[in-house]
Amino acid sequence: MELEKLLKTPRETQRLILRPWKHNKSDARECYRYAKDHRVGPAAGWPVHKDPADSLRIIGEVLSTPGLWAMVLKETGKPVGTVGLTFGSTGRKWLGTAEVELGYWLGVPYWGQGLAREASEEMLRLAFGEMGMDTVWAAYYEENQRSKYLQERLGFVYSHCEEETYVEALHEKRREHFMKLTKERWKERIDQRLGGAG
């Protein structure tokens, strides 16, 4: 399957449908419901959404990028966050041709339920199992310890820190930490999990 089609094809996990964000009022309303919370965006490096129209604009300009999916609860059929992969062409310019970066955010009412981990594990299956990537990167700002813990649970290993990353959307500098997961380590963890299930 060609890459662009692969990055727009909905995916399914136990509790979620991962699908492209829709540039419509319904998705914008649900996006705003969670993105207006000051605990969500600033921790991930973007400002709170001002109103549903702001969310609609951001869906069109940012969240519609191939490789980003809405996390839609099967139970309600409504999006509660975003998960995705970015490349050198859509994210950090230093990413190699066989490297992507994992990113995610989730509405506060759904924190602590393992949904971000569930969605992220599906992204790792996509990156390593279908796209043939060698490395998946992830990053978190100093203050975002929840993101750090998730990355550790996914098997990411600490790489390095950038002391003064300029966060363009917030017009400020922050300490940013980078984690990475290689295909070999990902496969080892899958094998260990399958071995333990026997």
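As shown above, the structure is provided for reference.
Here goes a summary of the coordinates provided. Keep in mind it's a predicted model, so treat the numbers as computed, not measured.

1. Notes on the nonpolar core
In this structure, Met71, Val83, Leu102, Met131 and Phe156 are the most contacted members of the largest nonpolar core, which totals 50 residues. Residue contributions to this core peak at eight residues, all from helix H5 (residues 115–130).

2. Observations regarding the side chain of glutamate 122
Note on placement: glutamate 122 falls in helix H5. Ignoring any residue separated from it by four or fewer positions in sequence, one finds glutamate 122 in contact with Arg11, Glu12, Thr13 and Leu18.

3. Comments concerning a negative patch on the surface
On the surface, a cluster of negative charge is contributed by Asp134, Glu184, Glu188 and Asp191. By secondary structure assignment, the location of glutamate 184 is in helix H7 (residues 183–197).

4. Concerning the packing of aromatic side chains
Applying the stated criterion across every chain, the model contains six aromatic pairs. Geometrically, the ring pair formed by tyrosine 34 and tyrosine 110 is edge-to-face, given 5.9 Å between the ring centres and 75° between the ring planes. With tyrosine 34 in helix H2 (residues 25–35) and tyrosine 110 in the loop between strand S5 (99–106) and H5, the pair connects residues that are 76 residues apart, well separated along the chain. Residues tryptophan 94 and phenylalanine 178 carry aromatic rings whose centres are separated by 5.9 Å and whose planes lie at 70° to one another, so their mutual orientation is edge-to-face.

5. Some points on unusual backbone geometry
The backbone of histidine 171 sits at a positive phi, close to 55°, despite the residue not being glycine. The residue histidine 171 is located in the loop between strand S7 (157–167) and strand S8 (172–182) in this model. Given a relative accessible area of 61%, histidine 171 falls into the exposed group.

Conventions and cut-offs
- Residues numbered from 1 in each chain as written.
- Predicted model: local features only at pLDDT ≥ 70, side-chain atom pairs only at ≥ 80, totals over all residues.
- Heavy atoms only, no water.
- Core = buried A, V, L, I, M, F, W, Y, C linked by side-chain atoms within 4.5 Å.
- Buried < 20%, exposed > 50% of the residue type's maximum accessible area, 1.4 Å probe, protein only.
- Helix = DSSP H or I, 4+ residues; strand = E, 2+ residues; numbered from the N terminus.
- Contact = heavy atoms within 4.5 Å.
- Patch = residues over 30% accessible without salt bridge, like charges linked within 9 Å, V, L, I, M, F, W, Y side chains within 5 Å.
- Areas by Shrake-Rupley, 256 points an atom, 1.4 Å probe, with all protein chains shown as cover.
- Salt bridge = Lys/Arg side-chain N within 4 Å of Asp/Glu carboxyl O.
- Lys, Arg positive; Asp, Glu negative; His and termini not counted.
- Charge placed at Lys NZ, Arg CZ, Asp CG, Glu CD.
- Phe/Tyr/Trp six-rings, centres within 6.5 Å; stacked < 30°, edge-to-face > 60°.

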